[in-house]
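# Remarks on the overall topology
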Amino acid sequence: MKKFVKWFIRVFLCHVIYRVKYINDDVLENLDKCLICPNHSNTVEPTWIYVKSENVSIMAKAELFKTKFWAKIFTYFDVFPINRGEHDIRSLIHAINLFKNVEKRKLLVFPEGKRLSKKEARAQAKVGPVYIASKVKVPIVPVYITKNAKLFSKVVIIFGKPITVPEDIVKDKEKLQNFANKIMDDIYDMGDNYYKKEKIK
């Protein structure tokens, strides 16, 4: 079932409905464990990341799990809920435990904490991903995805260099927030730099 879904995503969501171009995606091949942290403005963005690596778990808003049917589907595909706008300790612990006693694990988390509307340029980064990465001692891979992609248009997905999070950062809320903000800056800078080069050509 999972193989078929990945095939469907690669064929239809990456080549037909959208034309997805991956840049530096070999970064994931060289990592056994990491957090994948992209910007977020399109509902299907998790699927584009999901097909690029094995053992990918996804953190998603709890509202998607309200019905038993969808809850079972999401759970089958290693998606787990988090309550937005509050300190969801249970989900954070679950995310941390995902990395324990496994050789390979990647966790997809959107650091802005929500899908941005077309009017929003960006949102303040949440500290959760930085906290998780520090606790389990895995790097964060920043990812830029073309914002507000239209159907049948080109989508660029750029993977940045892995970022190591200091272990002692969890003790300082200000440092956590500053580190999270820096990661978001890196994400959007990747997009800005790419499109600047495209205009020059």
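The structure reproduced in this document is the subject of the present report. Keep in mind that this is a model prediction, so the values were computed, not measured.

### Some remarks on the packing of aromatic side chains
This model, assessed by the stated rule, comprises 13 aromatic pairs. Ring geometry for Tyr-18 and Trp-48: centres 5.1 Å apart, planes at 80 degrees, overall edge-to-face. In this pair, Tyr-18 is assigned in the loop between helix H1 (2–15) and strand S1 (19–23) and Trp-48 in helix H2 (residues 45–50), connecting sequence segments 30 residues apart. Each member of the pair, Tyr-18 as well as Trp-48, carries the same accessibility label: buried. Where Tyr-50 meets Phe-77, the ring centres are 6.3 Å apart and the plane angle is 80 degrees; that geometry is what we call edge-to-face. Highlighted residues: Tyr-50 in helix H2 and Phe-77 in the loop between helix H3 (68–76) and strand S4 (79–82), separated in sequence by 27 residues. Using a relative accessible area of 7% as the deciding quantity, one classes Tyr-50 as buried. Counting every residue linked through ring pairs, the aromatic cluster contains Phe-4, Trp-7, Phe-8 and Phe-12. Here the guanidinium or amino end of Lys-2 rests over the ring plane of Tyr-76, the centre of that ring lying 5.1 Å away. In this structure, Lys-6 is placed above the aromatic ring of Tyr-50, and the distance from its NZ or CZ to the ring centre is 4.9 Å.

### Examining the packing of helix H4 (residues 89–97) against helix H5 (residues 128–136)
In contact at an axis separation of 10 Å, H4 and H5 are set at 40 degrees when each is read in the N-to-C sense. Considering their axes alone, H4 and H5 lie oblique with respect to each other. The crossing of H4 and H5 is right-handed. Together, Leu-92, Ala-95 and Ile-96 of H4 and Gly-128, Tyr-131, Ile-132, Lys-135 and Val-136 of H5 make up the contact between the two elements. Here the contact of H4 with H5 is built from residues that sort into six nonpolar, one polar and one charged.

### Remarks on the environment of Ala-123
Looking at where Ala-123 falls in the secondary structure, it is placed in the loop between strand S5 (105–108) and H5. Classification of Ala-123 as buried rests on a relative accessible area of 15%. Setting aside residues up to four positions removed in sequence, Ala-123 forms contacts with Glu-112, Lys-114 and Leu-116.

### Re the sheet that holds S5
If you walk across this open sheet you meet the seven strands as S1-S7-S6-S2-S5-S3-S4, and the pairing is mixed. Each edge of the open sheet carries a strand with a single partner, namely S1 and S4. Adjacent strand axes in the sheet meet at a mean angle of 25 degrees, parallel and antiparallel pairs treated alike. Where S1 and strand S7 (residues 154–159) come together, five bridges link them in parallel fashion. From the neighbouring strand, Lys-21 faces S7, where its bridge partner is Val-156.

### Remarks on a nonpolar patch on the surface
A cluster of nonpolar side chains, namely Phe-4, Trp-7, Phe-8, Phe-12, Val-16, Leu-151 and Phe-152, defines an oily patch on the protein surface of about 730 Å² accessible area. With respect to the element layout, Phe-152 can be found in the loop between strand S6 (140–145) and S7.

### Things to note about the environment of Val-79
Relative to the helices and strands, Val-79 is located in strand S4. With a relative accessible area of 13%, Val-79 lands in the buried category. Separated by 19 residues in the primary sequence, Val-79 and Ala-60 place their C-alpha atoms 6.7 Å from one another. With residues near it in sequence (within four places) discarded, Val-79 still touches Ile-58, Ala-60, Phe-65 and Phe-74.

About the thresholds
- Starting afresh in each chain, residues are numbered from 1 along the sequence in its written order.
- Totals for whole chains, interfaces and linings use all residues, but because this is a predicted model, local features are given only for residues with pLDDT of at least 70 and pairs of side-chain atoms are given and counted only at 80 or more.
- Note: side-chain values were computed over all heavy atoms of the structure, leaving out hydrogens and water.
- Two rings belonging to Phe, Tyr or Trp (six-membered ring only in the last case) form a pair when the distance between their centres is within 6.5 Å. Interplanar angles under 30 degrees mark stacking, angles over 60 mark edge-to-face geometry, and anything in between is tilted.
- To qualify as a helix, a DSSP run of H or I must reach at least 4 residues; to qualify as a strand, a run of E must reach at least 2; elements of each kind are numbered from the N terminus.
- Burial here depends on accessible area, computed with a 1.4 Å probe over protein chains only, as a share of the maximum for the residue type. Under 20% is buried, over 50% is exposed, and the range in between is partly exposed.
- Lysine and arginine charges are scored as sitting over a ring when NZ or CZ, respectively, is within 6 Å of the ring centre and within 35 degrees of the ring normal.
- Here an axis means a line fitted to C-alpha atoms, over the contact stretch when the element is a helix, while the angle between two N-to-C directions is reported on a 0 to 180 degree scale.
- For classification, angles of less than 35 degrees are called roughly parallel, those exceeding 145 degrees roughly antiparallel, those between 65 and 115 degrees roughly perpendicular, and all remaining angles oblique.
- Should the near helix be turned counterclockwise from the far one by less than a right angle, the crossing is left-handed, whereas a clockwise turn marks it as right-handed.
- When checking whether two residues touch, look at their non-hydrogen atoms; a contact exists if any pair is within 4.5 Å.
- Think of it as three bins: nonpolar holds Ala, Val, Leu, Ile, Met, Phe, Trp, Tyr, Cys and Pro, charged holds Asp, Glu, Lys and Arg, and polar takes everything else, Gly as well.
- Here, strands pair whenever DSSP counts at least two bridges between them.
- In this analysis, a patch consists of residues with relative accessible area above 30% that form no salt bridge, clustered at 9 Å for like charges and at 5 Å for the nonpolar side chains Val, Leu, Ile, Met, Phe, Trp and Tyr.
- Each accessible area is a Shrake-Rupley result for a 1.4 Å probe, and residues are judged covered by the shown protein chains and nothing else.
- Take a side-chain nitrogen of Lys or Arg and a carboxyl oxygen of Asp or Glu: if they are within 4 Å of each other, that pair is a salt bridge.

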